[in-house]
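Okay, here's what each chain looks like letter by letter:
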Amino acid sequence: MFLSVFDLFKIGIGPSSSHTMGPMTAAARFLSEILSDDWPRPADAKVDRVGASLHGSLAYTGVGHGSDRAVILGFTGLVPVKVDPDKADAIVDKVAAEKRVSPPGHPAYRFDPARDLVLDKKTPLTGHANGMAFYAYDAGDRLLLKRIYYSIGGGFVVSDEELQRMKQRGSITTEGKKVPYPFKNAVEMLAMAAKSGLSIAEMKRINEETHMSREKLDAGLDEIWGAMKGCIDRGLSQEGIMPGGLKVRRRARQLHEKLQEEWSRNRPNPLLANDWLSIYAMAVNEENAAGGRVVTAPTNGAAGTLPAVLRYWLHFHPEADPASIRDFLLTAAAIGGIIKTNASISGAEVGCQGEVGSASAMAAAGLCAVMGGTPEQVENAAEIALEHHLGMTCDPVAGLVQVPCIERNALGAVKAVTAASLAIKGDGKHFVPLDAAIETMRQTGADMNERYKETSLGGLAVNVVEC
């Protein structure tokens, strides 16, 4: 299965790829379906009102993750990459006041969020934990069109029919394209690398360039890193209370100032690298929690881990250059694609092992690669990082991507650097294959109680007093 680097790394807004970006994308997709000729309609059919219902994890933590706001923004015709986070609240307030939406290319539709947007906790949709239903009615409130979509992690959205086809293929991922190196697991990846003599990044690049020019690929990779770096920088400059009601205060700026002061004094600090890693990751996830612009890596909830490790590479390794940034991202995307193809990157499906665990494995692989690791060492680095996130639950307090998510990204980055360091000091031979760790994550996620899979019904979400 081929997943592009731009499938794994999407520029959007916080706080959640599956709960914010996914519903927004689904709403915009539903608007397109209204205009299409792919559904049977009565001769007198004219859409006058639209509505939506969110189910499963989207219903339980929808408000905390901004899922309701995302649907409203999607119904105005916006998609995640086009949203200005500073203008989103005004758009949502306008729709609520006018009780209608006017997406480009459409007539105005009646839409009262208080009535037409339902968080249905009682009726799960069977395909996936993140299910949504969208509706179109005529002026007499006759139902004309209903579509069901699922947000399957990392901003990916599929229809009910598409999901069934994926399950028949035995893989919950998007349709693949033909490429020269179509590895779907780590065993195939290593075999192709050995036969071709290419690195993982080189194989991934060749696959990508089958569908786009080198110039377009490099420009896209540079844009991804630019957005990641911009998110770090903005996170390091902001302070105050994050939205949502938990009154969690931003810490990245204050910690960054202390670290810079310590750095200027040139005092020995054996934990220096870990401190920088943690602050970079926290800066990203504080931005994400505040609804800022972030890059899925591979999700919003895990968006800080990989950028922190890449920024660490540029900070502490003098050999780092722009080409190495691209190789880092390509290698990380190759590992992320394998994980998504054979397990999941959705916290609502497998818990946080699928989000921060996957992000840590991707970051470890990318770092090991740019440090000169062989494909075997890169695979080992990814396995070490993923193995030591197995079983991690997703239990956001109050449904907000703040506690424990922000600090969890920092620790995921630390684990990634440690995993890369361990792997590159070995010869690539190790006891647990990456594919075994991925399959274990899938099985563990399937066995995990729903209370620990982004529903905020268990774990820290019920044992920490909200204040």
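- As recorded in an unreviewed UniProt entry, the protein chain goes by L-serine dehydratase and comes from Aquamicrobium terrae.
- On record in UniProt, under Pathway (unreviewed entry), the comment for the protein chain is "Carbohydrate biosynthesis; gluconeogenesis."
- Here is the UniProt Cofactor (unreviewed entry) comment for the protein chain, exactly as written: "[4Fe-4S] cluster".

**Remarks on the packing of helix 10 (residues 200–209) against helix 11 (residues 214–237)**
- Running from N to C, helix 10 and helix 11 cross one another at 115°; their axes reach a closest spacing of 9 Å. Helix-helix and strand crossings are classified by hand; for helix 10 and helix 11 the assignment is right-handed. Across the interface between the two elements, Arg205, Glu208 and Glu209 of helix 10 pack against Arg214, Leu217, Asp218 and Leu221 of helix 11.
- Looking at side-chain class alone, the contact of helix 10 with helix 11 contains two nonpolar, no polar and five charged residues.

**A few points about the pattern of salt bridges**
- Scanning the model with the defined rule gives 29 salt bridges in all.
- As a salt-bridge pair, Asp116 and Arg49 come within 2.5 Å of each other at their nearest N and O atoms. Here Asp116, found in helix 7 (residues 113–116), pairs with Arg49, found in strand 2 (residues 49–55); they are 67 residues apart in sequence, far enough to count as distant. Judged on exposure class, the residue Asp116 and its partner Arg49 are both buried.
- Linking Arg253 and Glu239 is a salt bridge whose minimum nitrogen-to-oxygen distance equals 3.8 Å. Of this pair, Arg253 sits in helix 12 (residues 252–264) while Glu239 sits in the loop between helix 11 and helix 12, and the two are 14 residues apart along the sequence.
- Connected through salt bridges with shared partners, the residues Asp48, Arg49, Arg110, Arg115, Asp116 and Asp141 form a single ionic network.

**Examining the state of the cysteines**
- Inspection of every chain in the model, using the stated rule, returns zero disulfides.
- The structure places no disulfide on Cys352, whose sulfur is separated from the nearest cysteine sulfur, that of Cys394, by 5.6 Å.
- Cys352 sits in the buried class, given a relative accessible area of 8%.

**Quick notes on the packing of helix 12 against helix 13 (residues 272–289)**
- Packing of helix 12 against helix 13 leaves a shortest axis separation of 9 Å and a crossing angle of 155°. On the basis of the axis angle, helix 12 is roughly antiparallel to helix 13. In this structure, the crossing between helix 12 and helix 13 has a hand that is left-handed. Taken together, the residues of helix 13 that come into contact with helix 12 (itself represented by Ala252, Leu255, His256, Leu259, Gln260 and Trp263) are Leu272, Asp275, Trp276, Ile279, Met282, Ala283 and Glu286.

**Observations concerning the UniProt feature "domain: Serine dehydratase-like alpha subunit" (unreviewed entry) in the protein chain**
- According to UniProt, the feature "domain: Serine dehydratase-like alpha subunit" (unreviewed entry) maps to residues 196–461 in the numbering used here.
- Secondary structure across residues 196–461 comprises 63% helix and 1% strand; the distance between its end C-alpha atoms is 49 Å.

**Points about the side chain of Glu208**
- Take Glu208: it is sitting in helix 10.
- Taking relative accessible area as the criterion, Glu208 reaches 1% and is therefore assigned buried.
- Excluding anything up to four places from it in sequence, Glu208 contacts Phe2, Leu3, Ser4, Val5, Leu217 and Leu330.

**Observations regarding the nonpolar core**
- Residues Phe9, Met189, Met228, Leu306, Val309, Leu329 and Leu367 are the most contacted members of the largest nonpolar core, which totals 85 residues.
- The contact partners of Val309, leaving out residues within four places of it in the chain, are Leu277, Phe328, Ala363, Leu367, Ala413, Ala416 and Val417.

**Some details on the pairing of strand 6 (residues 131–137)**
- Burial of strand 6 is extensive: seven of the seven residues sit out of reach of the surface.
- Side chains Gly131, Ala133, Tyr135 and Tyr137 of strand 6 all project onto a buried face; the interleaved residues Met132, Phe134 and Ala136 project onto the opposite face, where all are buried too.
- Where strand 6 lies against strand 7 (residues 143–151), seven bridges are found, and the strand directions are antiparallel. Following the sheet pairing, Tyr135 is matched in strand 7 by Lys146.
- Following strand 6, the chain reverses through five residues before pairing antiparallel with strand 7; Asp141 in that reversal takes a positive phi of roughly 60°.

**Observations concerning the UniProt feature "domain: Serine dehydratase beta chain" (unreviewed entry) in the protein chain**
- In the UniProt entry, the feature "domain: Serine dehydratase beta chain" (unreviewed entry) is given for residues 4–161.
- The span residues 4–161 is 36% helical and 23% strand by assignment, and the distance between its end C-alpha atoms comes to 22 Å.

**A few points about helix 2 (residues 17–35)**
- With 19 residues, helix 2 should reach 27 Å at 1.5 Å per residue; the first-to-last C-alpha distance of 26 Å fits that figure.
- Buried residues dominate helix 2, accounting for 15 of its 19 residues.
- Two to three positions downstream of the cap, the backbone nitrogen of Ser18 sits 3.4 Å from a side-chain oxygen, assigning the N-cap of helix 2 to Ser16.

Rules behind the numbers
- Residues numbered from 1 in each chain as written.
- Predicted model: local features only at pLDDT ≥ 70, side-chain atom pairs only at ≥ 80, totals over all residues.
- Heavy atoms only, no water.
- UniProt positions renumbered as here; feature names shortened; annotations may be inferred.
- Axes fitted to C-alpha atoms, helices over the stretch in contact; angles between N-to-C directions.
- Helix = DSSP H or I, 4+ residues; strand = E, 2+ residues; numbered from the N terminus.
- Left-handed = near helix turned anticlockwise from the far one by under 90°.
- Contact = heavy atoms within 4.5 Å.
- Nonpolar A, V, L, I, M, F, W, Y, C, P; charged D, E, K, R; others polar.
- Salt bridge = Lys/Arg side-chain N within 4 Å of Asp/Glu carboxyl O.
- Buried < 20%, exposed > 50% of the residue type's maximum accessible area, 1.4 Å probe, protein only.
- Disulfide = S-S within 2.5 Å.
- Parallel < 35°, antiparallel > 145°, perpendicular 65-115°, else oblique.
- Core = buried A, V, L, I, M, F, W, Y, C linked by side-chain atoms within 4.5 Å.
- Pairing = 2+ DSSP bridges.
- Expected span 1.5 Å × (residues − 1).
- Polar contact = N/O pair within 3.5 Å; in protein donor to acceptor, adjacent residues only side chain to side chain.

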